[in-house]
Amino acid sequence: MIGAGARFMRAWLVRVDRLGKKTGGEGKRRAAGPPKAALPGAKEALALEVGTRPFGFLATRASTRAQQVAQAWLNGHGLKLAYWPVLLALSEGRARSQADLAAFVDRTPAAVSLIVAEMEREGLVERRPNPANRRELLVTLSEPGAHKWVQTADMWRHVNAIAYAGFSAKDIARLADLLSRASANLDSAATLSTASRP
């Protein structure tokens, strides 16, 4: 099956083609975007079956859908999805630096700083100077933040139940193993690419 993005592009190209036929060469010149003629490799890429589609496409699509399902569930608790990993990181009850949080949630320190600032304004976390390093701020859950975590701690179970519908335990274990191995391969390639830069 062809993905939504591919279907949209085909429909868009048909629309441009019709516009050109109605208005002649002038209409064709006005139509912005890619040429009507398929570029090399386009037909083959659009016709790929699920099993041969690029790994990044499949992984990104699954991740996007999982995030949409998670956010829809969290909406019922008045919580942004971006907040949940921070709540998870702080749910152990100890204070963490923003740099530590950034490493935990796999985001840049700047992005985490903005998220934490939003959460602080909403009363979910508290920040205070680190006694051992006054230039560093430590983040902890507030009482409302702890309550929000208790309400939403099972979010991932809800998402997994939907994602793994019809899967056997063996299927799930196999999928986790394959994704971990693919991720490790990509990590190694990225490391080598970075190391080879002048």
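Before reading further, recall that the structure is shown in the block above.
Let us look at the structure shown here. Here the structure is a predicted model, which means the values were calculated and not measured. (Residues numbered from 1 in each chain as written. Predicted model: local features only at pLDDT ≥ 70, side-chain atom pairs only at ≥ 80, totals over all residues. Heavy atoms only, no water.)

## Here we look at the layout of surface pockets
At step 1: By volume, the largest pocket is sized at about 900 Å³.
At step 2: Lining the largest pocket we find 23 residues, and of these A59, A62, S63, A66 and V159 sit closest to its centre.
At step 3: Of all the secondary structure elements, the ones that give two or more residues to the lining of the largest pocket are α3 (55–75), α8 (155–163) and α9 (169–195).
At step 4: Among the elements that make up the lining of the largest pocket, the one with the highest residue count is α3 (ten residues). (1 Å grid on protein atoms, 1.4 Å probe; cavity = no way out; pocket = protein on both sides within 12 Å on 5 of 7 lines; lining within 4 Å. Points joined across faces, edges and corners; volume = space filled by probe spheres on them. Helix = DSSP H or I, 4+ residues; strand = E, 2+ residues; numbered from the N terminus.)

## Structural notes on the sheet that holds strand β2 (residues 125–130)
At step 1: Reading across the sheet, the three strands line up as β1-β3-β2 and stay open at both edges, with antiparallel pairing between neighbours. Two strands lie at the open edges of the sheet, namely β1 (96–97) and β2, each paired on one side alone.
At step 2: Two elements, β2 and strand β3 (residues 133–141), share six bridges in a ladder whose sense is antiparallel. Looking at β3, one finds that E126 is bridged to T140.
At step 3: Docked against the sheet, helix α6 (residues 109–121) engages β2 and β3, running at close to 120° with respect to β2. (Pairing = 2+ DSSP bridges. Contact = heavy atoms within 4.5 Å. Axes fitted to C-alpha atoms, helices over the stretch in contact; angles between N-to-C directions.)

## What about the packing of helix α5 (residues 98–105) against α6?
At step 1: One way to put it is that α5 packs onto α6 with a least axis distance of 9 Å and a crossing angle of 105°. On the basis of the axis angle, α5 is roughly perpendicular to α6. Contacts between α5 and α6 pair Q98, L101, A102 and V105 from the former with P109, V112, S113 and V116 from the latter. (Parallel < 35°, antiparallel > 145°, perpendicular 65-115°, else oblique.)

## Quick word on the nonpolar core
Note that soluble globular proteins tend to have their nonpolar side chains buried in a common cluster.
At step 1: L79, L101, M119, V125 and M155 are the most contacted members of the largest nonpolar core, which has 24 residues in total.
At step 2: Among the secondary structure elements, those contributing two or more residues to this core are α3, α4 (84–90), α5, α6 and α8.
At step 3: Discounting chain neighbours no more than four positions away, the residues touching V125 are L90, V116, M119, E120, V139, T140, L141 and S142. (Core = buried A, V, L, I, M, F, W, Y, C linked by side-chain atoms within 4.5 Å. Buried < 20%, exposed > 50% of the residue type's maximum accessible area, 1.4 Å probe, protein only.)

## A few points about the pattern of salt bridges
At step 1: Taken as a whole and assessed by the stated rule, the structure comprises eight salt bridges.
At step 2: Note that D100 and R96 form a salt bridge whose closest N and O atoms lie 2.9 Å from each other.
At step 3: On the accessibility criterion, D100 (26% relative accessible area) is partly exposed.
At step 4: You can call R96 buried: its relative accessible area is 6%.
At step 5: One network of salt bridges, in which partners are shared, links E92, R94, R96 and D100. (Salt bridge = Lys/Arg side-chain N within 4 Å of Asp/Glu carboxyl O.)

## Remarks on unusual backbone geometry
At step 1: Even without being glycine, D106 reaches a positive phi, approximately 60°.
At step 2: Mapped onto the elements of the fold, D106 is located in the loop between α5 and α6.
At step 3: The class for D106 is exposed, based on a relative accessible area of 68%.

Bear in mind that shape data such as this cannot, by itself, settle questions of function.
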